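Read off the chains here:
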Amino acid sequence: MDSRVNRYSKKNRLKRRIKKLGIKGIIKILIRNIVYLIVGLVYATYLLIRAFDNLIARFFMRLPRIMKVAIIYLLVINLGFDFYRIFEDTKPIKEVVTVVSKVEAQNIPVNFNAKEQKEETCVFDSISCQIAEKGKEIGLNEEQTLISIAISKWETGNYTSSAFLNKNNVGGVMCDTGLRTYATLDEGITHFLTNLKNNYFDIGLDTLEKIKPKYCPDNAKNDPDGLNQYWLKGTNQKLIELKGK
């Protein structure tokens, strides 16, 4: 037997349910169930008439009236539940269709197969990944991004140089007074990549061989030790390493 708490709990839930539905809601449910009952009765009668000549129908006709009524009632209830589930199950489908329609209207690609959805993960070190992410933001393609990272790794000695650590300078970027200083690493990366995009990639200087004469020319005034002659070989080696990952 139910405890007093359980009985009161069920009673309160029923009251809340009735209050939530309201008179209109209750009437709708009653009408719907009556329709299910009528449809189920017609359906059961149709099946019996259609199969009257078979053994099951003959056996059914020999049963007492109370058993016939019970069987028909069970068929009606079963059919009613089937119809109810069909109509209820269409609601999530309608919601999905609505969402898909909205997404397609915004030209957003839809993929319902979770296994096929692959998140792009960066395989480089954290600084290189920051450069790659910023490159995507400003519109660099994959090759341009890899070239940018190769230049940065060479110019900073794999992000260990004083210019990188103290000035947030990721590309050996110069100004009139020497190596340029940036307030933040993000600012340094943004300026480095924007410079490459606007002054190199966008005007056709899209390989290390084409970039070198302008970016790091031999016999430059700011290169008294002649280190620029090693720039092309060093950056190409970095690029090969990046593409091998």
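The structure contained in this document is the topic of the report that follows. (Residues numbered from 1 in each chain as written. Predicted model: local features only at pLDDT ≥ 70, side-chain atom pairs only at ≥ 80, totals over all residues. Heavy atoms only, no water.)

### Focus: the pattern of salt bridges
- Applying the stated rule across the entire model yields seven salt bridges.
- The partner of Lys243 in a salt bridge is Glu143, with the nearest N and O atoms 3.1 Å apart. Of this pair, Lys243 sits in helix α9 (residues 231-243) while Glu143 is found in helix α5 (residues 142-155), placing the two residues 100 residues apart along the sequence.
- Looking at Glu143, the relative accessible area reads 33%, which means it is partly exposed.
- One connected set of salt bridges, linked through shared partners, spans Lys134, Glu137 and Asp186. (Salt bridge = Lys/Arg side-chain N within 4 Å of Asp/Glu carboxyl O. Helix = DSSP H or I, 4+ residues; strand = E, 2+ residues; numbered from the N terminus. Buried < 20%, exposed > 50% of the residue type's maximum accessible area, 1.4 Å probe, protein only.)

### Section: helix α8 (residues 208-215)
- Taken residue by residue, α8 has Leu208, Ile211, Lys212 and Tyr215 as its buried positions. Each buried residue of α8 lies within a common arc of 110° when the element is viewed along its axis, so the set occupies one face.
- Tucked into the core, α8 has its buried residues touching α5, α7 (185-199) and α9. (Arc of directions from axis to C-beta. Contact = heavy atoms within 4.5 Å.)

### Examining the packing of helix α4 (residues 126-138) against α7
- In contact at an axis separation of 10 Å, α4 and α7 are set at 55° when each is read in the N-to-C sense. By the angle between their axes, α4 is oblique relative to α7. Crossing handedness for the pair α4 and α7: right-handed. Across from Ile127, Gln130, Ile131, Lys134, Gly135 and Ile138 in α4, the residues of α7 making contact are Leu185, Asp186, Ile189, Thr190, Leu193, Thr194 and Lys197.
- Classifying every residue of the contact of α4 with α7 by side-chain character gives six nonpolar, four polar and three charged. (Axes fitted to C-alpha atoms, helices over the stretch in contact; angles between N-to-C directions. Parallel < 35°, antiparallel > 145°, perpendicular 65-115°, else oblique. Left-handed = near helix turned anticlockwise from the far one by under 90°. Nonpolar A, V, L, I, M, F, W, Y, C, P; charged D, E, K, R; others polar.)

### A closer look at α7
- If you check α7, its first and last C-alpha atoms are 21 Å apart, about what 15 residues at 1.5 Å a residue would give, namely 21 Å.
- Buried residues belonging to α7 abut α4, α5, α6 (162-167) and α8. (Expected span 1.5 Å × (residues − 1).)

### Side note on a nonpolar patch on the surface
- Side chains of Leu14, Ile18, Ile26, Leu30, Ile34, Ile38 and Val42 sit close together on the surface and give an oily, nonpolar patch of about 640 Å² of accessible area.
- Following the sequence through the fold, Leu14 ends up in helix α1 (residues 4-50).
- Residue Leu14 is classed as exposed on the basis of its relative accessible area of 52%. (Patch = residues over 30% accessible without salt bridge, like charges linked within 9 Å, V, L, I, M, F, W, Y side chains within 5 Å. Areas by Shrake-Rupley, 256 points an atom, 1.4 Å probe, with all protein chains shown as cover.)

### Remarks on the packing of α4 against α5
- Where α4 meets α5, the axes come as close as 10 Å, and the angle between the chain directions of the two elements is 145°. Pair α4 / α5 crosses with right-handed handedness. Packed against α4, whose contacting residues are Ser128, Ile131, Ala132 and Gly135, the element α5 presents Thr145, Ile149, Ser152 and Lys153 at the interface.
- Among the residues making up the contact of α4 with α5, the classes are represented as three nonpolar, four polar and one charged.

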